[in-house]
Amino acid sequence: NGTVAVFDSSTLQYIRVIENAHSYGPRMPAEVWTCCVSPETPDLIISGGDDCTMKGWDLRNNNNKPVFKVGSAEYENGGVTSLSFSHLNDQKNQFLS
């Protein structure tokens, strides 16, 4: 339904719910297919979805707006199905799709 839900695995309590994180347009949610948490900055989450976009979310911001967006459902042919942050020492906040 286009929602990214972040929860604490030790308490199973929701930390944040980002509705309409991925969509094709107004009232047209796209499935969220993948998410990952930055190993260097745990407040930074990257999500990817059927709308062919990757979006970065800073959980310290309360506005539920992405801090960046890469891609567009208008010009791409496939969704984002996998994401990973780099574990190299000098590139830890770089990610792969």
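The structure we're discussing is the one just above.
Residues numbered from 1 in each chain as written. Predicted model: local features only at pLDDT ≥ 70, side-chain atom pairs only at ≥ 80, totals over all residues. Heavy atoms only, no water.

A. Spatial organisation of the overall build of the chain. The helix and strand tally for the chain stands at zero helices and 10 strands. Ordered by position in the sequence, the α and β elements of the chain form the string β-β-β-β-β-β-β-β-β-β. Nonlocal contacts in the chain, meaning residues at least 24 apart in sequence, comprise 39% of its contacts between residues at least 6 apart. Taken as a whole, the chain presents about 6300 Å² of accessible surface, with 46% of it coming from carbon and sulfur. (Helix = DSSP H or I, 4+ residues; strand = E, 2+ residues; numbered from the N terminus. Contact = heavy atoms within 4.5 Å. Areas by Shrake-Rupley, 256 points an atom, 1.4 Å probe, with all protein chains shown as cover.)

B. Representation of the pattern of salt bridges. Following the criterion strictly, the structure yields two salt bridges and no others. The salt bridge involving R60 is made with D43; its shortest N-O contact spans 3.8 Å. Of the two residues, R60 sits in the loop between β7 (53-58) and β8 (68-71) while D43 sits in the loop between β5 (32-37) and β6 (44-49), which places them 17 residues apart along the sequence. In this structure, the salt-bridge partner of R60 is D58, at a minimum N-O distance of 2.9 Å. Judged by relative accessible area, D58 falls into the buried class, the value being 17%. One network of salt bridges, with partners in common, ties together D43, D58 and R60. (Salt bridge = Lys/Arg side-chain N within 4 Å of Asp/Glu carboxyl O. Buried < 20%, exposed > 50% of the residue type's maximum accessible area, 1.4 Å probe, protein only.)

C. Representation of the sheet that holds β5. The strand order across the open sheet formed by four strands is β5-β6-β7-β8, and the pairing between neighbours is antiparallel. Each end of this open sheet is capped by a strand with a single partner; those strands are β5 and β8. Within the sheet, the average angular offset between the axes of one strand and its neighbour, ignoring direction, is 15°. Bridging between β6 and β7 involves five bridges; their strand directions are antiparallel. If you follow I45 over to β7, its bridge partner there is W57. (Pairing = 2+ DSSP bridges. Axes fitted to C-alpha atoms, helices over the stretch in contact; angles between N-to-C directions.)

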